[in-house]
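Observations on the three-dimensional arrangement
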Amino acid sequence: MTTTDRDPDRVLIFDTTLRDGEQSPGCSMTPEEKLRVARALAELGVDVIEAGFPAASRGDWESVNAIAREVHGPIICGLARCNADDIQKAWTAVKDAARPRIHVFLATSAIHREHKLNMAKDEIIRVAVEGVRLARSLCEDIEFSPEDASRTELDFLTEVVQAVVDAGATTINVPDTVGYTTPQEFHETFSHLKRHVRGADRITFSVHCHDDLGMAVANSLSAVQAGARQVECTINGIGERAGNCSLEEVVMAIHTRQQVFGVRTGVHSQKLYPTCRLVSSITGMPIPRNKAVIGENAFAHESGIHQHGMLKHASTYEIMRPKDVGLSRTNLVLGKHSGRHAFRERVRDLGFELDDAELNKVFERFKALADRKKELFDGDIEALVLKLDTESGGPWFLDSLYTESQSGTDASARVQLHHADGRQVERTASGDGPVDAALKAIEEATDTQVTLRKFEVRSVSSGEDAQGEALVTVEHNGRTHRGSSVTTNIVESGVRAFLEVVNRIELGRQGGRAQLARTDVREAQEAV
Ligand code: KIV
Ligand code: ZN
């Protein structure tokens, strides 16, 4: 799509959670999880999903291809370095999408030219043009990114952009790869490119910012004010180092300050919170309490003066309504006598779209939980929905768990597991607390040795019988794996989360759901 055949006030939202976001340490996702996130992004109303970097590994290619075939609505984009093999792989991965895009990148700054690529300026232009020509011979929709654009000499940047536009690029993305620029500086960069590139009115300018100095959202908005009509961003701002421009923040800034920016996005803002929670639950990256727009405290008013103002009129201290970002939290409590209808309504109010089969599955779990827990709050229901596709998928299943602990002595744990192939195993172990003992017993029972990197527990709702969510991060053969689980017993949550990790490792060994290690992607990118 070019700027001439679309509304000039419409800013395209290009989501790169599954590519730049997934690249951040500890954020890798399984193919199933990527598909689930891609579906949620389509529901959210993003315009472009950058589904991955197909040349990075067979697993990444397959994920991008699955998204291209199964996720409808947005443009599906695959990243490629400027070489024939990457471009071919990106094309074969995305070509089944109704609207495919190839995103080609090549670094242009002096630092990258000298220290990473060892290429002269004319060579950069030649390779960029060849890459874009090849990509354009395969696909109509081509995005080009001069990596580290913000540290590239402006004249040379303009020259590169002109050359790739002439070669057929339809979107020019200007990345602030290392989060170095400032709002005013980036405004000048975009204004310069728009003024000096011939044919600038026929292409879309895009902005891609990293948050190293905490200015990714401000820099992106400044580029929009200078004429950028695509913003590249990630859910919860996840991404390399300090992260990328946060989708929910940039979208809500554009929505809330319409008069300042004078542009619109196609994002259904009421779906922001559920999408952010989904990504947080899958990646195991908790949303900070004070996170703008979707943090737990974003709409909480503690001081008496503020509370007084809020009681008089919400606009005294709130510039957005919680429901505008999908936070329709209430004190409405459901319990074991609540019917399917009330449950369905609550799930819908929380921003989740479930089909009948999914609703039945969650409703069954809701009933089982309601037998153990008197009152169920929004956080409980959210946790049930978010764990819909995960947990207890095997091959190992927990049959029983017994732990004993007393202060001053080692704890002990006995676990009984069964495997999908029919094996039944029981192991007892002792450790420093019941969780440590149970994890050791599982390691022995499943013959899986890992290094525990992180073990976190948080409450998902209120009350003494609140459910505890455990997040477990381990390292196994140089790869990071995560698991999570929510139950009313935090020891059991920890054990189930750990078993999820063990299952992922075993499935990876079998090659069923091999998880792409981030090191693969980094090595591939560094080999440019
Ligand atoms: O930050 C960056 O430069 C990138 C490019 C590949 C667009 O992610
Ligand atoms: Zn990036």
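Everything numeric here is computed off the predicted structure, so don't read it as measured data.

Next up on the list: the pairing of strand 9 (residues 396-404). Bridge analysis of strand 9 against strand 10 (residues 411-419) gives 8 bridges, and the strand direction is antiparallel. Within the sheet, the bridge partner assigned to Y402 lies in strand 10 and is R414. Linking strand 9 to strand 10, which pair antiparallel, is a turn of 6 residues; within it G408 sits at a positive phi near 90°.

All right, on to the sheet that holds strand 12 (residues 451-459) then. Two modes of strand pairing occur in sheets, parallel and antiparallel, and in both the strands are linked by backbone hydrogen bonds. Ordered by their spatial adjacency, 3 strands build an open sheet running 12-13-14, and the pairing between neighbours is antiparallel. Each of the sheet's edge strands pairs with one partner strand only, and the pair in question is strand 12 and strand 14 (479-487). The average undirected angle you get between the axes of adjacent strands in this sheet is 15°. Pairing of strand 12 with strand 13 (residues 468-476) involves 8 bridges; the strand directions are antiparallel. Along strand 13, the bridge assignment pairs T451 with E475.

Partitioning the chain into structural domains gives domain 1 (12-290), domain 2 (304-328 + 338-373) and domain 3 (330-337 + 374-528). When each unit is reduced to the centre of its C-alpha atoms, the spacing between domain 1 and domain 3 is 34 Å.

Here the focus is the coordination of the zinc ion (ligand 2). At the metal site, the zinc ion (ligand 2) is ligated by D20 (OD), H208 (NE2) and H210 (NE2), and these contacts range over 2.0 to 2.1 Å. Look at D20 and you get buried, because its relative accessible area is 4%.

Turning to the pairing of strand 1 (residues 12-15), a few remarks are in order. Side chains of strand 1 alternate between two faces, with L12 and F14 and I13 and D15 buried alike. Of the strand pairs in this sheet, strand 1 and strand 2 (residues 48-52) are connected by 2 bridges, and their pairing is parallel. Looking at strand 2, one finds that D15 is bridged to I49.

This brings us to the side chain of S220. Counting through the fold element by element, S220 comes out in helix 9 (residues 216-225). For S220, the contacting residues outside a window of four places in its chain are V207, C209, V231, C245 and V250.

Here we take up the sheet that holds strand 2. Strand order in the closed barrel formed by 8 strands is 1-2-3-4-5-6-7-8, with parallel pairing between adjacent strands. Adjacent strand axes in the sheet meet at a mean angle of 25° when their direction is disregarded. Strand direction decides the pairing type here: strand 7 (residues 204-209) and strand 8 (residues 230-233), joined by 3 bridges, are parallel. Bridge pairing links S206 to Q230 in strand 8. Strands in contact with helix 3 (residues 58-70) are strand 2 and strand 3 (75-81); relative to strand 2, the strand with the most contacts, it is inclined by about 150°.

Of note in the backbone geometry, D447 takes a positive phi value of approximately 55° without being a glycine. Judged by its relative accessible area of 59%, D447 falls in the exposed class. For N477, which is not glycine, the phi dihedral falls at a positive 50°. Within the secondary structure, N477 sits in the loop between strand 13 and strand 14. Accessibility expressed as a relative area gives 69% for N477, which makes it exposed.

All right, on to a nonpolar patch on the surface then. On the surface, L452, F455, V457 and I490 cluster together into a nonpolar patch covering about 320 Å² of accessible area. Among the elements that line the nonpolar patch, the one with the most residues is strand 12, at 3 residues. According to the relative accessible area criterion, F455 is partly exposed, its value standing at 30%.

Structurally, the position occupied by R81 is in strand 3. A polar contact is formed between the side chain of R81 and the side chain of D86, at a distance of 2.8 Å.

This next bit is on the site of ligand 1. In the vicinity of ligand 1, the contacting residues are R19, D20, H103, F105, S145, E147, N173, P175, T177, H208 and H210. Between ligand 1 and R19 there is a distance of 2.9 Å, counted from an oxygen atom to a side-chain nitrogen or oxygen. Within the side chain of D20, an N or O atom sits 3.1 Å from an oxygen atom of ligand 1. When isolated, ligand 1 has an accessible area of 260 Å², and the protein chains bury 95% of it.

The subject of this paragraph is the nonpolar core. When a protein is soluble and globular, its nonpolar side chains tend to lie buried together. Counting 116 residues, the largest nonpolar core has I102, F144 and I172 as the members making the most contacts within it. Here I102 is in contact with G78, A80, I87, A90, W91, A135, L138, C139, D141, I142 and E143, once residues within four sequence places are set aside. Within the second largest apolar cluster, 26 residues are counted, among which are V435, A437, A441 and V474.

So, on to the pattern of salt bridges. For the structure on display, the rule yields 38 salt bridges. In this structure, the salt-bridge partner of D96 is K95, at a minimum N-O distance of 4.0 Å. The class for K95 is partly exposed, based on a relative accessible area of 41%. A salt bridge links R241 to D212; the nearest nitrogen and oxygen atoms lie 2.6 Å apart. Separated by 29 residues along the polypeptide, R241 in the loop between strand 8 and helix 10 (247-256) and D212 in the loop between strand 7 and helix 9 bring together distant segments of the chain. Owing to a relative accessible area of 48%, R241 belongs among the partly exposed residues under this scheme. Relative accessible area serves as the criterion here: at 30%, D212 is assigned to the partly exposed category.

Moving on to the packing of helix 2 (residues 31-44) against helix 3. Interaxial distance between helix 2 and helix 3 falls to 10 Å at its minimum, and their mutual angle equals 35°. Considering how the two elements wind past one another, helix 2 and helix 3 form a crossing that is right-handed. On helix 3, the residues that touch P31, K34, L35, A38 and R39 of helix 2 are D60, S63, A66, I67 and E70. Tallied by class, residues from the contact of helix 2 with helix 3 come to 5 nonpolar, 1 polar and 4 charged.

It is worth spelling out the confidence of the model for the chain at this point. Averaged over every residue, the pLDDT of the chain is 89; residues scoring 70 or more account for 93%. The model gives residues 512-528 a pLDDT under 50, and that stretch makes 48 contacts with residues more than four places away or in other chains.

Under the defined criterion, the tally for this structure stands at 4 aromatic pairs. On the basis of an interplanar angle of 85° and a centroid distance of 5.2 Å, the ring pair of F186 and F190 is categorised as edge-to-face. Here F186 pairs with F190, and both are found in helix 8 (residues 183-196), just 4 residues apart, close to one helical turn. The exposure class assigned to F190 is buried, which follows from its relative accessible area of 0%.

How each quantity is defined
Once a new chain begins, its residue numbering starts again from 1 and follows that chain's sequence as written. Both sets of labels track the order of writing: A upward for chains, 1 upward for ligands. With the structure being a predicted model, the display of local features is reserved for residues of pLDDT at least 70 and the display and counting of side-chain atom pairs for 80 or more, all residues being used for whole-chain, interface and lining totals. The basis for every side-chain value is the complete set of heavy atoms in the structure, and neither hydrogens nor water enter the calculation. For two strands to pair, DSSP has to find at least two bridges joining them. A run of H or I in DSSP counts as a helix once it spans at least four residues, and a run of E counts as a strand once it spans at least two, with each numbered from the N terminus. A fitted line through C-alpha atoms represents every axis, and for helices the fit uses only the stretch in contact; the resulting angles, taken between N-to-C directions, go from 0 to 180 degrees. Note that the domain bounds were set by an automatic or database domain assignment. Metal coordination here is assigned from N, O and S atoms located within 2.8 Å of the ion, or within 3.2 Å for Na, K and Ca; omission of water means that sites may look incomplete. Here's how the labels work: a residue is buried when its accessible area is under 20% of the maximum for its type, exposed when over 50%, partly exposed in between, all with a 1.4 Å probe on protein chains only. Two residues qualify as a contact provided that any one of their heavy atoms is within 4.5 Å of a heavy atom in the partner residue. Like-charged residues are merged into a patch within 9 Å and nonpolar side chains (Val, Leu, Ile, Met, Phe, Trp, Tyr) within 5 Å, provided each residue has over 30% relative accessible area and no salt bridge. Note on areas: Shrake-Rupley with a 1.4 Å probe; residue coverage comes only from the protein chains shown. When a carboxyl oxygen of Asp or Glu is within 4 Å of a side-chain nitrogen of Lys or Arg, the pair counts as a salt bridge. In protein, a polar contact requires one atom able to donate a hydrogen and another able to accept it; more generally it is a pair of N or O atoms within 3.5 Å, and residues adjacent in sequence count only if both atoms are side-chain atoms. One heavy atom within 4 Å of a molecule or strand makes the whole residue count as near it. In plain words, nonpolar cores are sets of buried Ala, Val, Leu, Ile, Met, Phe, Trp, Tyr and Cys residues tied together by side-chain atoms within 4.5 Å. Crossings are sorted by hand: turned counterclockwise from the far helix by less than a right angle, the near helix makes the crossing left-handed, and turned clockwise it makes it right-handed. Just so you know the grouping, Ala, Val, Leu, Ile, Met, Phe, Trp, Tyr, Cys and Pro go in nonpolar, Asp, Glu, Lys and Arg go in charged, and all remaining residues, Gly too, go in polar. A residue's pLDDT is simply how confident the predictor is in it, with values from 0 to 100. Each pair of aromatic rings taken from Phe, Tyr and Trp, with Trp reduced to its six-membered ring, is defined by centres within 6.5 Å and is described as stacked if the planes are under 30 degrees apart, edge-to-face if over 60, and tilted in the remaining cases.

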